[in-house]
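What follows is each chain in one-letter form.
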Amino acid sequence: MREISDFTFPDSELGQLFPDERRAIYESIKTLKPEVCLECGTWSGLGSTYFISHALEENNSGHLHTFDIDSVNKNGKTPEDNLFHYGLTSRVSFHLKDFVKGVEELKLEKINFAFLDGPEESKYTLDCLLIIEDLMPIGSTVFIHDWNANYDVAPWGEAGATPKCKATKEYLESEQEKWEFEMAVSDTPSGLARIVKK
């Protein structure tokens, strides 16, 4: 297993997120030592998935369930292939399905950590939070990516797209007794929010 010393690896061609966002997620897992982690948006497996699974391996505890509706191939490799190359698959289950439906099917009793980075759809981002909210005990953490994103045209070409986190922002403003909010990383174009269950 590769030692974490540089958060610019894997490069942006293979893994997403800015280095400071990767570091925030990795350090949170190292500190919190969550038992059950969820991720919406596996992509190549070499962005958030890589850093979550690496921290779980170092902790020698916890398990990640990661969801994506597409099996993205990079250089002919699936996300599972990519993580296997780095010895990081023993604490990860890959689910090729919708996050909301997949979480319902898992019938988990609790969730300690989640990373939400799904499609550029405001309602869907909120749906992802709502499906896990009641399963998260006090102190559980959720990171939400693209908090700052405000597209005139979505990355996939949809004109006039609703900002990805708009509905979630409105929900959290109305539910401040449930969640403590802070920006984990604010100085990137995407932005990474952290909410902690009260």
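See the structure printed just above.
What comes next concerns the included structure. Since the model is a prediction, treat every value here as computed from it, not as a measurement. (Residues numbered from 1 in each chain as written. Predicted model: local features only at pLDDT ≥ 70, side-chain atom pairs only at ≥ 80, totals over all residues. Heavy atoms only, no water.)

**Remarks on unusual backbone geometry**
- The phi dihedral of L17 falls on the positive side, at around 85 degrees, and the residue is not glycine.
- With relative accessibility at 14%, the residue L17 sits in the buried group.
- Look at W43: it is not a glycine, yet its phi comes out positive at around 50 degrees.
- Mapped onto the elements, W43 comes out in the loop between strand 1 (36-40) and helix 2 (48-59). (Buried < 20%, exposed > 50% of the residue type's maximum accessible area, 1.4 Å probe, protein only. Helix = DSSP H or I, 4+ residues; strand = E, 2+ residues; numbered from the N terminus.)

**Some words on the packing of aromatic side chains**
- What the rule picks out here adds up to 5 aromatic pairs.
- Seen in terms of ring centroids, Y50 and Y86 are 5.6 Å apart; in terms of plane orientation they differ by 90 degrees. Their pairing is edge-to-face. With a gap of 36 residues between them, Y50 in helix 2 and Y86 in the loop between helix 3 (79-85) and strand 3 (92-96) connect regions that are remote in the sequence. Here Y50 and Y86 have matching classes, each one buried.
- Both rings, one in W147 and one in F181, keep their centres 5.2 Å apart while their planes meet at 35 degrees; by these two values the pair is tilted. You can see W147 sitting in the loop between strand 5 (141-145) and helix 6 (166-174) and its partner F181 sitting in strand 6 (residues 179-185), a full 34 residues away along the chain.
- One aromatic cluster is present, formed by Y50, F51 and Y86 through successive ring pairs. (Phe/Tyr/Trp six-rings, centres within 6.5 Å; stacked < 30°, edge-to-face > 60°.)

**Overview of empty space enclosed by the protein**
- Considering all chains together, one arrives at 1 cavity of 30 Å³ or more under this definition.
- In this structure, the largest cavity spans a volume of roughly 60 Å³.
- Lining the largest cavity we find Q16, L17, G41, T42, W43, G47, S48, F115 and D117. (1 Å grid on protein atoms, 1.4 Å probe; cavity = no way out; pocket = protein on both sides within 12 Å on 5 of 7 lines; lining within 4 Å. Points joined across faces, edges and corners; volume = space filled by probe spheres on them.)

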